[in-house]
Number of protein chains: 2
Amino acid sequence: MLSGDPEELVEAARAGDRRAIGRLITMVEEGDPAGSAVLTLLYPQGGNAYVVGLTGAPGSGKSTLTDGLIRHARADGSTVGVLATDPSSPFTGGAILGDRIRMQDHASDPGVYIRSMGSRGHLGGVSAATPKALTVLDGLGLPYLFVETVGVGQAEVEIVESADTTVVIVIPGWGDSVQANKAGLLEIGDLFVVNKSDREGVDDTVRDLRQMLEMGGARSWQPPILMTVATTGAGVGEVWQAIGRHRWHLIDHDELEPERELRLERELRRALASELARRAEREAGSNRFGTVLQRVTGRQLDPWTAARRLLDELD
Amino acid sequence: MLSGDPEELVEAARAGDRRAIGRLITMVEEGDPAGSAVLTLLYPQGGNAYVVGLTGAPGSGKSTLTDGLIRHARADGSTVGVLATDPSSPFTGGAILGDRIRMQDHASDPGVYIRSMGSRGHLGGVSAATPKALTVLDGLGLPYLFVETVGVGQAEVEIVESADTTVVIVIPGWGDSVQANKAGLLEIGDLFVVNKSDREGVDDTVRDLRQMLEMGGARSWQPPILMTVATTGAGVGEVWQAIGRHRWHLIDHDELEPERELRLERELRRALASELARRAEREAGSNRFGTVLQRVTGRQLDPWTAARRLLDELD
């Protein structure tokens, strides 16, 4: 039996007990006092993991690519943590009809820890839980952390903001929808991967991506466009190397630490907002809330003015 | 020149001035005092519009389907408002390489108002702004409101929660990714549309959808699965009729008003949380915030404990 004591769990986790790692992440996800104790314990020991975000639409093959990157990291002697937030990811059990994902191979490798994050949660669900889960894995000393997301919607953008290097994955032949997606993804990508590059239309996709990136103007880091066939492993080594180059770029240009500090500031602001929201929920249980709600459903008072009034009464 | 006075703008908007409508929506989106005045003015006059949510991945043809539904609503003599939140929607200018969308035809029809909502915004961006924009259009007396979303991510789910009837659009031949998407979308769909049904694989997609819906068990409303070729208009009339049937179902089973009241309660809770977040941002500008942030970036204090401490000091 696993103890529920944070210190004992951390010790077990460091010794390679996966169930202990899972338990620690669940504790921080749930946001109860034990979870706070875990964060207080592990946060000061972190700050060393390199976080790679992988984002792409369902079906773009990002799990297979992640799988390939895990192999390269393992070959380099590094341990790896993976957080999967895409509801359609084979990691999260979403691909019901059975992607024969090779990911499962890692189940027996103690150097790889894979966690699927619940998706469609309540307000701030995945985007709130991911930085905390990263804090746990980072504090436990895993040098590489991969975060896999769908790359549409603001929750996903927030998750990607947790990454040191963001890899955007597209596939050939999407036509207009790729063009459109790029509009949002161009800003956040440090590397672009055209996966399934053995398919028709790959040249068009690469050319379109290149044009879009050029329109973005000169930057100190020029995001490379790489081609892969993740199912065969073709090109995946180049992606792994490009991640390494981007990492060195950030270090050489003194960008890594300032970026991380900005991220921590954003996280503190977010934590403030979500703690306030939690207190609001508590307030929402009160009698006054019921009275105000009646006026809202009776169309006498709009919800936004009602919220301000409820809070002003608190002061 | 348009005045900035809420009452004058509402008057102009009712007289059919689109720029006045646009101005009103911008005011509520920005959340300034003038926006609050607009909501206070229009909210009590609303509660009559029927809201239809349309959700589907980029490229599923939901804009073309929406276009067809607008035609049917107009043929029935109803005016229509459309809010497009999909960054790849031709409505939002996202389809850069030019979907030849017929939507533009409606530009000269004073009975149709189309608004593209900004996407990747700050925390709570689209999902916070959409219910307010709906409140404006509802208060102005538009009987049908369509909300178009990508259908991935929690912001989209929140938007769909604003709808009386939710239409989920898929296309044939997506393979596993469709299967996966359905897992999340099944719960929220009142109608399923297989668009581009002249393509190969349509029978498989319909059969898969049916199986998945059957696994969901018996409900008082059994979501129909309809086939369309939105570009030719085939099947779109049936979708419009099915929306009408669902509406009657909700009314006949006394579900419409209770659902709307639940939605308003959710909106009030959300408004409370976001107003609290706004106040937290203000707090974040203070000196104390800077001191605590230093301890966070110095890895002495985790952001979540730091947020609680800052708020406890406030009390």
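Model, not experiment: these values are computed from the prediction. Here the residue numbers are simple positions, counted from 1 along each chain's written sequence. As they are written, the chains are lettered A onward and the ligands numbered 1 onward, keeping that order. Totals for whole chains, interfaces and linings use every residue, but because this is a predicted model, local features are given only for residues with pLDDT of at least 70 and side-chain atom pairs only at 80 or more, for both listing and counting. By convention in this description, side-chain values take in all heavy atoms of the structure and omit both hydrogens and water.

**Considering the packing of aromatic side chains**
For any pair of aromatic rings, the description consists of the separation of the ring centres together with the inter-plane angle of the planes. All names here are of chain A. Aromatic rings from Phe, Tyr and Trp, with only the six-membered ring used for Trp, were paired whenever their centres fell within 6.5 Å, and each pair was classed as stacked if the ring planes differed by under 30 degrees, edge-to-face if by over 60, and tilted otherwise. One pass over the structure, following the stated rule, counts six aromatic pairs over all chains. Ring plane angle 70° and centroid distance 6.4 Å describe the contact between Tyr50 and Tyr144, whose orientation is recorded as edge-to-face. Here Tyr50 is found in strand β1 (residues 50–55), whereas its partner Tyr144 is found in strand β4 (residues 144–149), with 94 residues between them in sequence. A network of ring pairs unites the aromatic residues Tyr50, Tyr144, Phe146 and Trp240 as a single cluster. By the criteria applied, helices consist of DSSP H or I runs no shorter than four residues and strands consist of E runs no shorter than two, each listed in order from the N terminus.

**Concerning the sheet that holds strand β2 (residues 80–84) of chain B**
Residues and elements named next belong to chain B. Pairing within the open sheet is parallel, and its seven strands lie in the order β3-β2-β4-β1-β5-β6-β7. In this open sheet, the two strands that pair with only one neighbour each are β3 (112–116) and β7 (225–227). On average, each strand axis in the sheet is tilted by 20° relative to the strand beside it, whichever way the strands run. Relative to β3, β2 runs parallel, the two sharing five bridges. Within β3, the position partnered with Gly81 by the bridge is Tyr113. Any two strands with at least two DSSP-identified bridges between them are counted as paired. An axis is simply a line fitted to the C-alpha atoms; with a helix, the fit covers only the stretch in contact. Between two such axes, the angle follows the N-to-C directions and lies from 0 to 180 degrees.

**Let's talk about the side chain of Lys62 of chain B**
Inspection of the secondary structure puts Lys62 of chain B in helix α4 (residues 62–75). Counted as a polar contact is a pair of N or O atoms within 3.5 Å, where, for protein atoms, one must be capable of donating a hydrogen and the other of accepting one, and residues adjacent in sequence contribute only when both atoms are in side chains. From its side chain, Lys62 of chain B meets the backbone oxygen of Gly56 of chain B in a polar contact 2.9 Å long.

**With respect to unusual backbone geometry**
The backbone of Asp254 of chain A sits at a positive phi, close to 50°, despite the residue not being glycine. As for its position among the elements, Asp254 of chain A is in the loop between α9 (236–252) and α10 (256–284). Buried residues are those whose accessible area, probed at 1.4 Å on protein chains only, stays under 20% of the maximum for their type, while exposed residues exceed 50% and partly exposed ones sit between those limits. We classify Asp254 of chain A as exposed; its relative accessible area is 62%. Positioned with a positive phi, Arg299 of chain B is a non-glycine residue whose angle comes to about 65°. In this fold, Arg299 of chain B is placed in the loop between α11 (287–297) and α12 (303–314).

**Side note on the packing of α4 of chain B against helix α9 (residues 236–252) of chain B**
All names here are of chain B. At their nearest, the axes of α4 and α9 sit 9 Å apart, and the two run at 70° to each other. Considered as vectors, α4 and α9 are oriented roughly perpendicular to each other. The two elements α4 and α9 cross, and the hand of that crossing is right-handed. The segment α4 lies against α9, with Leu65, Gly68, Leu69, His72 and Ala73 engaging Val236, Gly237, Val239, Trp240 and Ile243. Each residue belonging to the contact of α4 with α9 can be placed in one class, and the counts come to seven nonpolar, three polar and no charged. Under this scheme an angle from 65 to 115 degrees is roughly perpendicular, one under 35 degrees roughly parallel, and one over 145 degrees roughly antiparallel; angles in between are oblique. Take the far helix as your reference; a near helix turned counterclockwise from it by less than a right angle gives a left-handed crossing, and one turned clockwise gives a right-handed crossing. For this analysis, residues touch if any pair of their heavy atoms sits within 4.5 Å. Polar here means any residue other than Ala, Val, Leu, Ile, Met, Phe, Trp, Tyr, Cys and Pro, which are nonpolar, and Asp, Glu, Lys and Arg, which are charged; Gly is therefore polar.

**A closer look at the sheet that holds strand β5 (residues 165–170) of chain A**
Sheets are built from strands paired through backbone hydrogen bonds, the pairs being either parallel or antiparallel. Residues and elements named next belong to chain A. Spatial strand order, β3-β2-β4-β1-β5-β6-β7: seven strands in an open sheet with parallel pairing. On the outer flanks of this sheet lie β3 (112–116) and β7 (225–227), each paired with one strand and no other. Mean inter-strand twist for the sheet, computed between neighbouring axes without regard to direction, equals 20°. Pairing of β1 with β4 involves six bridges; the strand directions are parallel. Each bridged residue has a counterpart across the sheet, and for Leu54 the counterpart in β4 is Glu148.

**With respect to the pattern of salt bridges**
Residues and elements named next belong to chain A. By salt bridge we mean one thing: a side-chain nitrogen of Lys or Arg within 4 Å of a carboxyl oxygen of Asp or Glu. Taken as a whole and assessed by the stated rule, the structure comprises 17 salt bridges over all chains. Put simply, Arg71 and Asp67 hold a salt bridge, and the shortest N to O gap is 3.5 Å. Here Asp67 and Arg71 lie together in helix α4 (residues 62–75), a separation of four residues that amounts to about one turn. For Asp67, a relative accessible area of 0% puts it in the buried group. For Asp208, the salt bridge is made with Arg207, and the minimal N-O distance between the two is 3.6 Å. Its relative accessible area of 43% is what places Arg207 among the partly exposed residues. One continuous salt-bridge network, built from bridges that share partners, spans Asp164, Glu257, Arg260 and Arg263.

**Details of the confidence of the model for chain A**
Residues and elements named next belong to chain A. Per residue, pLDDT captures the predictor's confidence, and it can take any value from 0 to 100. Looking at chain A, the pLDDT average stands at 81 and 79% of residues meet or exceed 70. The low-confidence segment residues 92–102, where pLDDT is below 50, has 30 contacts with residues more than four positions distant or belonging to other chains. Residue range residues 119–124 is modelled with pLDDT below 50. Its contacts to residues more than four positions away, or to other chains, number 14 contacts. Two summary scores accompany this predicted model of the complex, namely pTM at 0.63 and ipTM at 0.73.

**Here's the deal with the pairing of β5 of chain A**
Residues and elements named next belong to chain A. Of all six residues in β5, six are buried; the element is thus mostly enclosed. Burial of the side chains of β5 extends over both faces: Thr165, Val167 and Ile169 are buried on one face and Thr166, Val168 and Val170 on the other. Summarising the sheet, β1 and β5 pair through four bridges and their orientation is parallel. The residue bridging Val52 from the neighbouring strand is Thr165, located in β5.

**Some thoughts on helix α2 (residues 18–30) of chain A**
Residues and elements named next belong to chain A. One less than the number of residues in a helix, times 1.5 Å, gives the span that helix is expected to have. An ideal rise of 1.5 Å per residue puts 18 Å on 13 residues; α2 measures up with 18 Å between its terminal C-alpha atoms. The backbone nitrogen of Arg19 lies 2.9 Å from a side-chain oxygen of the residue at the head of α2, namely Asp17. Phi turns positive, to about 65°, at Gly31, one or two residues after α2.

**A look at the packing of α2 of chain A against helix α3 (residues 33–42) of chain A**
Residue and element names in this part refer to chain A. Where α2 meets α3, the closest approach of the two axes is 7 Å, and the angle between their N-to-C directions is 115°. Here α2 and α3 pass one another in a crossing that is left-handed. Two secondary-structure elements touch here, α2 through Leu24, Met27 and Val28 and α3 through Ala34, Gly35, Val38 and Leu39. Each residue belonging to the contact of α2 with α3 can be placed in one class, and the counts come to six nonpolar, one polar and no charged.

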